[in-house]
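In case you want the letters, here they are:
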Amino acid sequence: MTRILTPDDGHPRTFTDATAAVDYLQELYTAATDFLRTQFLQAMAEGAPDARVRAFYPEVRVTTLSFAQIDTRLSFGHVPNPGAYAATITRPDLFRNYLIQQISLLIENHGQPVHIGASNTPMPVHFAVGSDAAIQVPQQGAANFTLRDVFDVPDLSTTNDDIVNGTYASSDGVGPLAPFTAQRIDYSLARLAHYTATDAEHFQNFVLFTNYQFYVSEFEAFARAQLDDPDSGYSAFVSTGNATITAGDQPLADPVKMPQMPTYHLKRKDGGGITLVNIGVGPSNAKTATDHIAVLRPHAWLMVGHCAGLRNSQALGDFVLAHAYLREDHVLDDDLPVWIPIPALAEIQIALEQAVGEVTALEGFELKRIMRTGTVATIDNRNWELRDQSGPVARLSQSRAVALDMESATIAANGYRFRVPYGTLLCVSDKPLHGELKLPGMASEFYTTQVQRHLMIGIRAMERLRKMPLERIHSRKLRSFDETAFL
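Quick look at the structure, then. (Residues numbered from 1 in each chain as written. Predicted model: local features only at pLDDT ≥ 70, side-chain atom pairs only at ≥ 80, totals over all residues. Heavy atoms only, no water.)

In this section: the pattern of salt bridges. Enumeration according to the criterion identifies 22 salt bridges in this entry. With a shortest N-O distance of 2.7 Å, Arg460 and Glu463 are connected by a salt bridge. Here Arg460 and its partner Glu463 are both found in helix 11 (residues 440–466), three residues apart, which amounts to about one turn of the helix. The exposure class of Glu463 is buried, given its relative accessible area of 12%. (Salt bridge = Lys/Arg side-chain N within 4 Å of Asp/Glu carboxyl O. Helix = DSSP H or I, 4+ residues; strand = E, 2+ residues; numbered from the N terminus. Buried < 20%, exposed > 50% of the residue type's maximum accessible area, 1.4 Å probe, protein only.)

Here it is in structure tokens:
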């Protein structure tokens, strides 16, 4: 029998107080990561130990035996049926407020305690030492022993999206309590740091996606003005490389190297600030960004990018508020079949329309002069114009599409899949079907006049959503038959 070294785990405990439960989750998590970090450093210095080294993620578990009706107005905070439910937990420090909120609802709604203890899911050493920049996990063959013979490494069987995709099948009769496993979250936290060059701690609950760097300078200018206003509620601005300023006149350090998806955070102390992610062009980037940001459980994400206007009645600079999506991006077909409708969410639509009115000083019928509501088509071929047009144009016409881009449907579909409220407000930057192409002179004038206004609309919409009660924005529209209790 293989000898295994493990930390001195605390015994499972029962809690009726959510804060105390999360404190114990933190205690178990810290013990596990400290143990793995110590053993790893020792192995790197002295060679492989004579036993396998293993620590386990902590878990939260609840059991209910009653079909008693709970407040069904709330879309989360309760399990669907009597039984046992559990979730592995990582980074209780990062998710502290979220965990306290979700566990409190669980205890309150079912009148049952939660049980906190070590799970049977090993913690990969990569994730245990990942938060320490001074520690590097060697590549295969770089150490004087085979790493996976001694330490646990990431396991795809506990890193996939089978829970949120609705394909999870329990092997022990215990249902999932949260939409993601601890290892799936750890994987995404590592990916976020890589793609955005900012730590997960800086991400805010309201996320704006754009497909042009032009929006970044406007976002920074807005952030600096807010930091100079003591009543704004914003506390800091963080750019790539985790460069942070707390006053509007502070210079920002230039990043050593720009990441694939430059990301910027206008922070509030309650996490209710705004994060802007420049995902660049294409549905693959859109899926990558949302796949990983989803584990942070944001309250909303919006696409504020550029699009091709498809109607002759549109003008450059007009806005398109998406109320439906034609999905020809293909990147989510295996996770979310195209026959699944992606509905518009009333709360998001209203916030966006009101923000357009606020920024443009137009309302009612006059708003139609600059904004259309309609179907947005998302494709995966940036140069679709270079092909024979009979097929694509016929499909676009049949779908009643008013705009075309490469990211919006992907972001909306992943919002639907991950139960993150989503929306889209695009700005027409060219009209290829009508001879108005995105040429340098036209583009410069367009960017000068429209980017600031477009971004401000997205910001104002997010600020309206921030004031909305959580139970309203996280409505039942995005929940399936058997949902996890945790949001």
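From this point, the narrative continues.
Quick look at the packing of helix 5 (residues 182–196) against helix 7 (residues 283–293) now. Remark: helix 5 packs on helix 7, axes separated minimally by 8 Å, with the N-to-C direction vectors making an angle of 130°. The orientation of helix 5 relative to helix 7 falls into the category oblique. Seen from above, helix 5 lies across helix 7 with left-handed handedness. Here Arg184, Tyr187, Ser188, Arg191, Leu192 and Tyr195 of helix 5 lie close against helix 7, whose contacting residues are Thr288, Asp291, His292 and Ile293. A per-class count over the contact of helix 5 with helix 7 returns four nonpolar, three polar and three charged. (Axes fitted to C-alpha atoms, helices over the stretch in contact; angles between N-to-C directions. Parallel < 35°, antiparallel > 145°, perpendicular 65-115°, else oblique. Left-handed = near helix turned anticlockwise from the far one by under 90°. Contact = heavy atoms within 4.5 Å. Nonpolar A, V, L, I, M, F, W, Y, C, P; charged D, E, K, R; others polar.)

Here we take up the packing of aromatic side chains. Applying the stated criterion across every chain, the model contains ten aromatic pairs. With 5.7 Å between their ring centres and 50° between their planes, Phe180 and Phe418 make a pair best called tilted. Placement of the pair is Phe180 in the loop between strand 7 (175–176) and helix 5 and Phe418 in helix 10 (residues 408–418), with a sequence separation of 238 residues. Across the pair, exposure class does not vary: Phe180 and Phe418 are buried alike. One aromatic cluster is present, built from ring pairs that chain together Phe95, Tyr98 and Phe486. (Phe/Tyr/Trp six-rings, centres within 6.5 Å; stacked < 30°, edge-to-face > 60°.)

Now for the side chain of Arg419. Turning to its location among the elements, Arg419 is positioned in the loop between helix 10 and strand 18 (422–430). At 2.5 Å, the side chain of Arg419 and the backbone oxygen of Arg417 are in polar contact. With residues near it in sequence (within four places) discarded, Arg419 still touches Val164, Arg297, His474, Leu478, Arg479, Ser480 and Glu483. (Polar contact = N/O pair within 3.5 Å; in protein donor to acceptor, adjacent residues only side chain to side chain.)

With that settled, consider the nonpolar core. Counting residues in hydrophobic clusters, the biggest one holds 116 residues, and the most contacted among them are Val114, Leu177, Phe209, Trp301 and Phe486. Here this core takes eight residues from helix 11, the largest share from any one element. Discounting residues that sit within four places of it in the chain, Phe486 has contacts with Val60, Tyr98, Leu99, Gln102, Ile103, Leu106, Leu177, Ala178, Pro179 and Arg479. Among the nonpolar cores identified, the runner-up in size contains 20 residues, and Leu36, Ala43, Phe145 and Ala182 belong to it. (Core = buried A, V, L, I, M, F, W, Y, C linked by side-chain atoms within 4.5 Å.)

The next point concerns the pairing of strand 15 (residues 319–328). Within strand 15, seven of the ten residues are buried, leaving the element largely enclosed by the surrounding structure. Bridge count for strand 15 against strand 16 (residues 371–379) is nine bridges, and the pairing is parallel. Bridge assignment links Phe319 to a residue of strand 16, and that residue is Met371. For strand 15 and strand 18, the ladder comprises three bridges, and the chain directions are antiparallel. Bridge pairing in strand 18 links Val320 to Leu426. (Pairing = 2+ DSSP bridges.)

On to the environment of Thr63, then. By secondary structure assignment, the location of Thr63 is in strand 4 (residues 56–64). In sequence terms Thr63 and Gly317 are 254 residues apart; their C-alpha atoms lie 55 Å from each other. Dropping the residues within four chain positions of it, Thr63 is found in contact with Gly83, Ala84 and Gln112.

In this structure, strand 4 lies alongside strand 6 (residues 114–122), joined through five bridges in antiparallel fashion. Its bridge partner lying in strand 6, Val60 is registered against Ile116. As paired strands, strand 4 and strand 5 (residues 83–88) are joined by six bridges and run antiparallel to one another. When the sheet's bridge partners are listed, Arg61 is paired in strand 5 with Ala86.

Spatially, the five strands line up as an open sheet ordered 2-6-4-5-7, and their pairing is mixed. Among the strands making up the open sheet, the edge pair consists of strand 2 (13–15) and strand 7. Strands strand 4, strand 5 and strand 6 of the sheet are contacted by helix 5, whose axis makes an angle of about 135° with strand 4.

Let us look at the state of the cysteines. Per the stated rule, a full pass over the model turns up zero disulfides. For Cys307, which is in no disulfide, the shortest distance to another cysteine sulfur is to Cys427 and amounts to 7.2 Å. Here Cys427 falls in the buried class, since its relative accessible area comes to 1%. (Disulfide = S-S within 2.5 Å.)

A word on helix 5. Here helix 5 spans 21 Å end to end across 15 residues, near enough to the 21 Å set by a 1.5 Å rise per residue. Of the residues making up helix 5, those classed as buried are Ala182, Gln183, Arg184, Ile185, Asp186, Ser188, Leu189, Leu192, Tyr195 and Thr196. Looking one or two residues past helix 5, Ala197 carries a phi angle of roughly 60°, positive in sign. (Expected span 1.5 Å × (residues − 1).)

Once that is clear, we can look at a negative patch on the surface. Side chains of Asp228, Asp229, Asp231 and Asp249 sit close together on the surface and give a patch of like negative charge. Along the chain, Asp249 falls in the loop between strand 10 (243–245) and strand 11 (263–268). (Patch = residues over 30% accessible without salt bridge, like charges linked within 9 Å, V, L, I, M, F, W, Y side chains within 5 Å. Areas by Shrake-Rupley, 256 points an atom, 1.4 Å probe, with all protein chains shown as cover. Lys, Arg positive; Asp, Glu negative; His and termini not counted. Charge placed at Lys NZ, Arg CZ, Asp CG, Glu CD.)

Orientation of helix 7 relative to helix 10, taken along the N-to-C sense of each, is 30°, at an axis distance of 9 Å. Relative to helix 10, helix 7 is oriented roughly parallel. The handedness of the crossing between helix 7 and helix 10 comes out as right-handed. Within the contact between the two elements, helix 7 uses Pro283, Ala286, Lys287, Thr290 and Asp291 and helix 10 uses Thr410, Ile411, Asn414, Arg417 and Phe418. Per-class residue counts for the contact of helix 7 with helix 10 are four nonpolar, three polar and three charged.

Further remarks concern the side chain of Arg91. Structurally, Arg91 can be placed in the loop between strand 5 and helix 2 (96–110). Among the residues examined, Arg91 registers a relative accessible area of 14% and is labelled buried. Leave out the neighbours within four places in its chain, and Arg91 touches Tyr29, Asp186, Leu189 and Glu201.

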